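One-letter residues, chain by chain:
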Amino acid sequence: MQEQTDTGRGKRSPFLSRRFVLGSSAAFVILAANALLTYRTIANLVETSRAVETTLRVIDDLKDIQNSVVGAETGLRGYILSGESKRLVQAHEFLGRAAQPIKALRARREAIPDRTQQVESADTLIEEEVARFSALIEIDRRKGLSEAIRNISATGGAARMRLVENIVQDLLAAEDAQLAARTAQSRRSSDLSVITAAIATLFNLGLLGIVVLLARREIRERRQAEEVVKFAATHDPLTGLPNRVLLAERVNRAVGSAKSQARTSAVLFIDLDRFKNINDALGHEAGDRLLQNVADRLVRCVRRSDTVARQGGDEFVVLIEAFEAPGDLTQVAEKILAEVAQPMTVYGKEFQITASIGISTFPADGEDLRALLKNADIAMYRAKQQGNAYQFYAQQMSAHSVERLELETALRQALERDELRLHYQPKVEARTGRVTGIECLLRWQHPTLGILQPDQVVPLAEETGLIVPIGKWALRTACLQARAWAGQGLPMLRIAVNLSARQFMSPTLLDDVMETIAETEMDARLVEFEVTESMMMREPEEAVALLRSLKAIGVRLTIDDFGTGYSSLAYLKRLPIDCVKIDASFVRGIPVDASDVAITETIIAMSHNLSLKVVAEGVETRDQARFLEQGGCDEMQGFYFSKPLPAEELAAYLRQEQAPESAARDAQPALKLVGGAERRTGK
């Protein structure tokens, strides 16, 4: 008997199977019926035997009565013929002996239930004869033989004796007939009981055989179920690979063997790159299918003696039980990276995914599973920074891992502790130099590390999933700040907020945006979202639908870092966007680098042909600003105009822009350049 789990696999019930219970119950019922039938048959046989025994005792009693009556009659005749008084006394004694069994029969009415009246008549007659013979003995003693004989003739003694004898004879005949009938019935019951017992024995043996077969089948299925349960307890239900339990057993065995044979073993910790993006965009069903494909590929990359296990999520572990040199592990890691990176088709769609591998060895990097996995995990995170790479564990990596863990813990509390900040960088109109918009950029005021830049915060927030609540906070803060500036008499400017990949794929994004705009009473037309083209190319149709929904609210949409993604320029016309933002990597080389000049001019011309605005970011020099202005660029931003500023400093900057003397800004930037260019990133 099995129950269904949430995974869809059967789980063995701890009770007996329904088939075995029903079969055993039926066999028990039939055995009980056979036992009852046998009991009834034997009971009938015993009852018949007892009836026969009773009849025999009645016959014996009747014969005793008959013999006594005959003896009494003989004694009476001898008395009449010989005149001897002792003959009369003997006859009296015979009648006395006949009276005892007849009284016993009269008391046991059930012995002769249909002859009760005859027994009573015989008993009465015998009692009368006993009394008469007593009287005759007394007459003979006092008056002599003649008087006694006359008395015998007067009372008809001989006739009465014959009457008693006839009654007893009738009773004997009846009992003999009943004895014959009961004997025949007993014989039939005995034969029937023998046949019934034989049939019941054979039938019971057959039932016993069936129960034995059911029991054997139950035991076999139990063993099979135990094997299934054991497999389920030691293997991953999705991929069929060994799970953590079985991996621990094999690692412990491999470590013990390596110690005894002075060998080396290794653990490869494998994590798929950006798997969460695929899982969130396509759903868990497609993600599960992809994991199954990856599992099959990993198994093909190692020897039969090695173990491929699923650690959980998109993490896998490979146990290499023995290797000769580090080069052997390098070959395995490179083979795994190449195999995983091969394109795969899931539900008719082609995907390409990469992996990061961390490697730890025994005994150099640990002597048990916990230490080996921990150090391989640390090495894997170092490899993930490179992307589609492998990394051997080194002791100095542990300190970096601890720092990252502490940073992650602190980030989870940053929102509650009000440690996050927004800095604001103005966008200026290329033709007039007037501020037309503001881009909002994330900063983290860490209590001990100071200000952390977006490239330190955003990747960590993406991995931990905190980017969604942080993004919602950033949008709300930016809207409230824009209204606060307007309340100070400053112009109501368009605010631009970056959407990260994970936030863009969040199912609550549209609702969050509408809720925030309504709560802050911000004009949706003054809200701008910047998204990268690479984010939209993961699932173009869904991305277009989401952009159209955002566009329907009234917000402005900009393609950020244009030219660095994977899309063709022709695809741009399908997107419901308002603006294209030229990446700083192209602006940096103008007007000197011919390639950057050509790319920038092409983007501006193409965007204008599609009726799109063009913004150039990363403008740091006067020559770059003049080239972009002459080339038709609509807006610019960068350190040439202003670095990202806190809200109070940006308010001062805007007031300066409103002053009449601000027209001289073309000769000298309002703010000096500060160090290298800061990387602008999502919220």
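Residues numbered from 1 in each chain as written. Predicted model: local features only at pLDDT ≥ 70, side-chain atom pairs only at ≥ 80, totals over all residues. Heavy atoms only, no water.

1. Some remarks on the overall build of the protein chain
When helices and strands are counted, the protein chain shows 21 helices and 18 strands. Pairs at least 24 apart in sequence give 69% of the contacts found in the protein chain among residues at least 6 apart. Carbon and sulfur atoms make up 53% of the accessible area of the protein chain, which totals about 34800 Å². (Helix = DSSP H or I, 4+ residues; strand = E, 2+ residues; numbered from the N terminus. Contact = heavy atoms within 4.5 Å. Areas by Shrake-Rupley, 256 points an atom, 1.4 Å probe, with all protein chains shown as cover.)

2. Quick notes on the sheet that holds strand β5 (residues 315-320)
With mixed pairing, the five strands of this open sheet are ordered in space as β4-β5-β3-β8-β9. Here the strands that pair on one side only, and so sit at the sheet edges, are β4 (307-312) and β9 (390-392). Between one strand axis and the next, the sheet turns by 20° as a mean value, whatever way the strands run. When β4 meets β5, the two strands line up antiparallel, connected through five bridges. Each bridged residue has a counterpart across the sheet, and for Gly 312 the counterpart in β5 is Glu 315. Against the sheet, helix α10 (residues 369-386) engages β3 (265-272), β4, β5, β8 (355-362) and β9, with an angle of about 145° to β8. (Pairing = 2+ DSSP bridges. Axes fitted to C-alpha atoms, helices over the stretch in contact; angles between N-to-C directions.)

3. Quick word on the environment of Ala 625
Take Ala 625: it is sitting in helix α20 (residues 622-631). When its relative accessible area of 7% is taken as the criterion, Ala 625 is described as buried. In the structure, Ala 625 is positioned 11 residues away from Met 636 in sequence and 7.6 Å away in space, judged by C-alpha atoms. Setting aside residues no more than four positions away along its own chain, Ala 625 makes contact with Val 619, Met 636, Tyr 640 and Phe 641. (Buried < 20%, exposed > 50% of the residue type's maximum accessible area, 1.4 Å probe, protein only.)

4. Considering the side chain of Gln 425
Along the chain, Gln 425 falls in strand β10 (residues 420-429). At 3.0 Å, the side chain of Gln 425 and the side chain of Gln 637 are in polar contact. (Polar contact = N/O pair within 3.5 Å; in protein donor to acceptor, adjacent residues only side chain to side chain.)

5. Notes on the packing of aromatic side chains
Applying the stated criterion across every chain, the model contains three aromatic pairs. For the pair Tyr 390 and Phe 392, a centre-to-centre distance of 6.4 Å together with 80° between the ring planes defines the contact as edge-to-face. A relative accessible area of 27% places Phe 392 in the partly exposed class. Residues Tyr 640 and Phe 641 carry aromatic rings whose centres are separated by 5.0 Å and whose planes lie at 85° to one another, so their mutual orientation is edge-to-face. Accessibility expressed as a relative area gives 10% for Tyr 640, which makes it buried. A residue is classified by how much of its surface remains accessible, and Phe 641, at 5% relative accessible area, is buried. (Phe/Tyr/Trp six-rings, centres within 6.5 Å; stacked < 30°, edge-to-face > 60°.)

6. Comments concerning unusual backbone geometry
Residues apart from glycine generally show negative phi values, whereas peptide bonds are mostly found in trans. Along the chain, Phe 362 connects to Pro 363 via a cis peptide bond; the corresponding omega equals 5°. Position of Pro 363 relative to the elements: it lies in the loop between β8 and α10. Backbone torsion omega between Ile 590 and Pro 591 reads 0°, so that peptide bond is classified as cis. Mapped onto the fold, Pro 591 is located in the loop between α18 (584-587) and α19 (594-609). Even without a glycine there, the phi angle at Glu 521 is positive, about 55°. When you line up the elements, Glu 521 lands in the loop between α15 (509-520) and β14 (527-532). A residue is classified by how much of its surface remains accessible, and Glu 521, at 58% relative accessible area, is exposed. Within the chain, Ser 611 stands out as a residue other than glycine whose phi angle is a positive 60°.

7. As for the pattern of salt bridges
On inspection of all chains with the given rule, the structure shows 24 salt bridges. The salt bridge partner of Arg 310 is Asp 236, with a shortest N-O separation of 3.2 Å. Here Asp 236 lies in the loop between α5 (157-234) and α6 (244-261) and Arg 310 lies in strand β4, a separation of 74 residues in the sequence. There is no split in this pair, since Arg 310 and Asp 236 are both buried. One salt bridge connects Asp 523 with Arg 525, and the closest N-O pair in it is separated by 3.0 Å. Through salt bridges with shared partners, one network takes in Lys 427, Glu 439, Arg 494, Glu 528, Glu 530, Arg 556, Lys 581, Glu 617 and Glu 635. (Salt bridge = Lys/Arg side-chain N within 4 Å of Asp/Glu carboxyl O.)

8. Description of the state of the cysteines
If you walk through the whole model with that rule in mind, you get zero disulfides. Note on Cys 633: no disulfide assigned, nearest cysteine sulfur contributed by Cys 579 at a separation of 8.4 Å. For Cys 633, a relative accessible area of 4% gives the class buried. (Disulfide = S-S within 2.5 Å.)

Limitation: the analysis is restricted to geometry and does not speak to function.
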